[in-house]
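# Remarks on the overall topology
For reference, the chains in residue letters:
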Amino acid sequence: SPRKVVVTRQLIEPAQKLLEAASDLELIQWPTDQPCDRSWLLEQAKGASGILLMLSDKCDKELMDAAGDTLKVIASFSVGTDHVDREAIRERKIRLGYTPSALTDAVADLTVMLILMAQRRAGEAMGKVLTGQWPQMPWSPLLMTGPQIRGTTVGFLGFGRIAQATLQRLIPFGISKALYLTSKPGQPAKEDHYGLLKEGSIPVSPASDWKQLAAESDVVVVGCALTPSTRHIVNSEFFHQMKKLAVLVNIARGPVVDTDALVSALETGDIFGAGLDVIENEPNIQADHPLLKQPRCVLLPHVGSANIETREQMAVESVKNLLAGLKGEAMVNEVEP
Ligand code: GLV
Ligand code: GLV
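Residues numbered from 1 in each chain as written. Chains lettered and ligands numbered in written order. Predicted model: local features only at pLDDT ≥ 70, side-chain atom pairs only at ≥ 80, totals over all residues. Heavy atoms only, no water.

### Overview of the site of ligand 2
Lining the immediate surroundings of ligand 2 are Val79, Gly160, Arg161 and Ile162. Here an oxygen atom of ligand 2 sits 2.9 Å away from a polar atom, N or O, in the main chain of Ile162. Starting from 190 Å² of accessible surface for ligand 2 in isolation, the protein chains cover 76%. Its residues placed into classes, the shell around ligand 2 shows two nonpolar, one polar and one charged. (Near = heavy atom within 4 Å. Polar contact = N/O pair within 3.5 Å; in protein donor to acceptor, adjacent residues only side chain to side chain. Areas by Shrake-Rupley, 256 points an atom, 1.4 Å probe, with all protein chains shown as cover. Nonpolar A, V, L, I, M, F, W, Y, C, P; charged D, E, K, R; others polar.)

See below:
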C-alpha cells in the first residue's frame with residue numbers, strides 16, 4: 001500500500017505541485033494555510049511514514065507515538081528545530097530535514113534592518129507620527145538621534161550562516177570589528193560561509209566569553225539555536241555588562257533573551273535599544289505587554305524569513321527533504337543525528 005504522508009499546511013504552488021506529483025504516496029494534508037489542529041494532526045499521523053510540519057507544530061513524543069513505528073521522516077519548514085524533540089527522533093532513527101540555506105539572506109536582511117531601526121529609533125519615531133505628535137515635535141538638531149553604525153563593534157551570539165551573512169552585509173556600512181561566540185568560546189568558528197574569517201576587510205575574532213562580547217559590542221546580534229544551554233544567556237548580568245549606547249537584536253528564538261531583564265535594561269538605560277523578531281511566549285503577546293511600553297524596542301511578529309522568494313524556496317526544499325527521506329536519498333539539508 002502507498003506510504004502515508006501528513007502535511008500540516010497547504011503549500012505555495014511549486015511545492016504543492018511537487019508534492020502532488022509524488023503519485024506513490026497517500027497524501028493527507030491540512031486544507032488551509034492556517035495552523036492545523038493538534039487533534040487533527042495526532043489522529044492523521046497514525047501509520048504515517050513522513051510528516052512535513054511548521055515550526056509552530058510541536059514534534060514531540062506524543063506525535064511520534066501517535067504515528068507509530070512507521071514514521072521515518074520529519075521535514076520541518078524552518079531553520080530552527082527547537083520544536084522537535086531531537087533526542088526522541090535520534091532514538092527512533094527518524095531522519096529530520098530542515099531549510100537552513102533557503103532563508104539565510106532573508107533573515108540577514110531583516111537583521112540589518114532591525115539593527116538600524118534600533119539604533120535610529122525607527123519604531124519610536126514612527127509611533128510619534130502615527131499618534132499625531134509630529135506637530136509638537138519640530139525638527140531640531142538632537143531630535144530622535146541615536147548611535148551610528150560606522151565604527152561599531154558587532155558581537156554575534158552564535159555564528160552560523162545567518163550571523164555570517166549579516167556580517168557580510170554590515171562590512172560595507174563601515175563597522176570596525178566583529179566578535180563572535182559559538183559553543184566553544186575563544187575557538188575559531190567551524191565554518192566560514194563567506195570567506196569573512198580568511199580575508200575579511202575587518203578583524204573578525206572569537207570572543208573569549210560572553211562577558212567580553214557583551215562589554216565590547218555596540219551591537220549584539222542573537223543568532224544561535226535555542227537549546228537548554230542558550231536559554232536566557234542574555235540575562236540581567238549580560239545587560240549590565242553592555243554599553244549604554246549598545247543595541248540588542250534577536251532574530252533567533254525568544255527564550256534566548258530573558259524578557260524581564262530586557263525590559264529593565266531598557267527602562268534603566270543599561271542599553272540604548274532593541275530590535276526583536278522573536279520573543280518568549282510568542283505569538284501570545286498582548287498590546288499591554290511591558291516591552292511594548294518601551295519606546296526604544298522594535299518588535300516584529302517573527303517574520304524573519306518572510307519574503308516571497310524565500311518562503312517558496314523553503315516550501316520546495318521541505319517537500320524535497322520529505323521525498324528524499326522516504327526514498328532513503330540525500331536531503332537538501334538534514335540535521336545531523
Ligand atoms: C524561523 O524562525 C525558522 O526557524 O525557520
Ligand atoms: C543558524 O542555524 C544559522 O544557520 O545561522
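On we go from here.
### Considering empty space enclosed by the protein
Scanning the entire structure with this criterion turns up one cavity of 30 Å³ or more. Taken as a whole, the largest cavity encloses approximately 40 Å³ of empty space. Taken together, Asn250, Gly254, Val257, Thr259, Leu262, Leu276, Val278, Ile279, Glu280 and Leu291 make up the lining of the largest cavity. Considered class by class, the residues forming the lining of the largest cavity number six nonpolar, three polar and one charged. (1 Å grid on protein atoms, 1.4 Å probe; cavity = no way out; pocket = protein on both sides within 12 Å on 5 of 7 lines; lining within 4 Å. Points joined across faces, edges and corners; volume = space filled by probe spheres on them.)

### A word on the pattern of salt bridges
Applying the stated criterion to the full structure yields 15 salt bridges. Here Asp109 makes a salt bridge to Arg169, at a shortest N to O gap of 2.7 Å. Taken as a pair, Asp109 in helix 5 (residues 104-119) and Arg169 in helix 7 (residues 161-170) lie far apart in primary sequence, 60 residues in all. A relative accessible area of 40% means that Asp109 is categorised as partly exposed. For Lys177, the salt bridge is made with Glu216, and the minimal N-O distance between the two is 3.6 Å. Here Lys177 is found in strand 7 (residues 177-181), whereas its partner Glu216 is found in helix 9 (residues 210-216), with 39 residues between them in sequence. One salt-bridge network, held together by shared partners, links Arg38, Asp60 and Glu62. (Salt bridge = Lys/Arg side-chain N within 4 Å of Asp/Glu carboxyl O. Helix = DSSP H or I, 4+ residues; strand = E, 2+ residues; numbered from the N terminus. Buried < 20%, exposed > 50% of the residue type's maximum accessible area, 1.4 Å probe, protein only.)

### Here we look at the sheet that holds strand 2 (residues 25-29)
Sheet architecture is open: five strands sit in the order 2-1-3-4-5, paired in parallel fashion. Strand pairing shows two members of the sheet lacking a second neighbour, strand 2 and strand 5 (95-97), which therefore form its edges. Strand-to-strand twist across the sheet, computed as the mean angle between neighbouring axes with direction ignored, equals 15°. Relative to strand 4 (residues 73-77), strand 3 (residues 50-54) is paired through five bridges, and the arrangement is parallel. Each bridged residue has a counterpart across the sheet, and for Gly50 the counterpart in strand 4 is Val73. Sheet strands touched by helix 12 (residues 308-327): strand 1 (3-7), strand 2, strand 3, strand 4 and strand 5. Its angle to strand 4, the strand with the most contacts, is close to 175°. (Pairing = 2+ DSSP bridges. Axes fitted to C-alpha atoms, helices over the stretch in contact; angles between N-to-C directions. Contact = heavy atoms within 4.5 Å.)

### Observations regarding the domain arrangement of the chain
Each assigned domain of the chain is listed with its residue range as follows: domain 1 (3-102 + 309-327) and domain 2 (104-299). The C-alpha centroid of domain 2 is placed 32 Å from the C-alpha centroid of domain 1. Residue-level contacts link nine residues of domain 1 with six residues of domain 2. Roughly 570 Å² of surface becomes buried between domain 1 and domain 2 when both sides are summed, with 46% attributable to carbon and sulfur atoms. On the domain 1 side of the contact with domain 2, Asp82, Pro100 and Ser101 bury the most area, a combined 56% of that side's loss. The interface formed by domain 1 and domain 2 contains one salt bridge. Two residues, Arg253 and Asp82, come together in a salt bridge whose shortest N-O distance is 2.9 Å. There are two residue pairs in polar contact (both at pLDDT 80 or more) connecting domain 1 and domain 2. Looking at the side of domain 1 that touches domain 2, its residues break down into five nonpolar, three polar and one charged. (Domains from an automatic or database assignment. Buried area = accessible area lost by both parts, 1.4 Å probe.)

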